[in-house]
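Tertiary structure, described
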Amino acid sequence: MFAPGPLFALIQQQSGTDWREMYKVFNCGHRFEIYLPQQHAQQVIDIARSFNIDAQIVGHVEDSAENRLTIQSQFGTFEY
């Protein structure tokens, strides 16, 4: 995951909101996500970077009988 920007750290510090809730409510700065086959990821990252847009792989999708999201960040692992 990208590190949350300074605005999100300020909101968290001033409000005392825990990071689990911060990711749920604010998405902590993740602005645009593209879901595509893994073999195309590097090409899309390279294109984004050619326009000075920071890009990286932030996760993957798995088949599951449960509807579940797991976020692993510098502030912990959060299940939704």
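A brief structural summary. Keep in mind that what you see is a predicted model, and the values were worked out from it rather than measured.

Examining helix α3 (residues 41-50)
- Every buried residue of α3 is accounted for by Ala 41, Ile 45 and Ala 48. Along α3, the residues classed as buried sweep out an arc of 65° about the axis, all on the same side. In this structure, α3 carries Gln 43 and Ser 50 as exposed residues pointing more than 90 degrees from its buried face.
- Backbone geometry just after α3 places Asn 52 at a positive phi near 60°.

Overview of the pattern of salt bridges
- Scanning all chains against the criterion turns up two salt bridges.
- Salt-bridge contacts for Arg 68 lead to Glu 79; the nearest nitrogen and oxygen are separated by 3.4 Å. Placement of the pair is Arg 68 in the loop between α3 and β1 (70-73) and Glu 79 in strand β2 (residues 76-79), with a sequence separation of 11 residues.

Looking at the packing of aromatic side chains
- The full count for this structure, using the stated rule, is four aromatic pairs.
- A ring pair is formed by Trp 19 and Tyr 23, whose centres lie 6.2 Å apart and whose planes are at 50°; its orientation type is tilted. Of the two residues, Trp 19 and Tyr 23 both sit in helix α2 (residues 19-26), four residues apart, roughly one turn of that helix.
- Residue Trp 19 is classed as buried on the basis of its relative accessible area of 13%.
- According to the relative accessible area criterion, Tyr 23 is buried, its value standing at 4%.
- On the numbers, 3.8 Å between centres and 5° between planes, the contact of Trp 19 with Phe 75 is stacked. With Trp 19 in helix α2 and Phe 75 in the loop between β1 and β2, the pair connects residues that are 56 residues apart, well separated along the chain.
- Given a relative accessible area of 32%, Phe 75 falls into the partly exposed group.

Conventions and cut-offs
Position numbers for residues start from 1 in each chain and track the written sequence from start to end. The model is predicted, so local features are restricted to residues of pLDDT at least 70 and side-chain atom pairs to those at 80 or more, both for listing and for counting; the totals for chains, interfaces and linings are taken over all residues. To obtain the side-chain values, all non-hydrogen atoms of the structure were included, while hydrogens and water were left out. Think of it in three bands: residues with accessible area under 20% of the maximum for their type are buried, residues over 50% are exposed, and the middle band is partly exposed, with areas taken using a 1.4 Å probe on protein chains only. By definition, any uninterrupted DSSP run of H or I lasting at least four residues is a helix, any uninterrupted run of E lasting at least two residues is a strand, and each is numbered from the N terminus. Taking the helix axis as origin, the arc is that swept by the directions to the C-beta atoms. Take a side-chain nitrogen of Lys or Arg and a carboxyl oxygen of Asp or Glu: if they are within 4 Å of each other, that pair is a salt bridge. Centres within 6.5 Å are what make two rings of Phe, Tyr or Trp a pair, Trp counting through its six-membered ring; a difference in plane orientation under 30 degrees is then read as stacked, over 60 as edge-to-face, and the rest as tilted.

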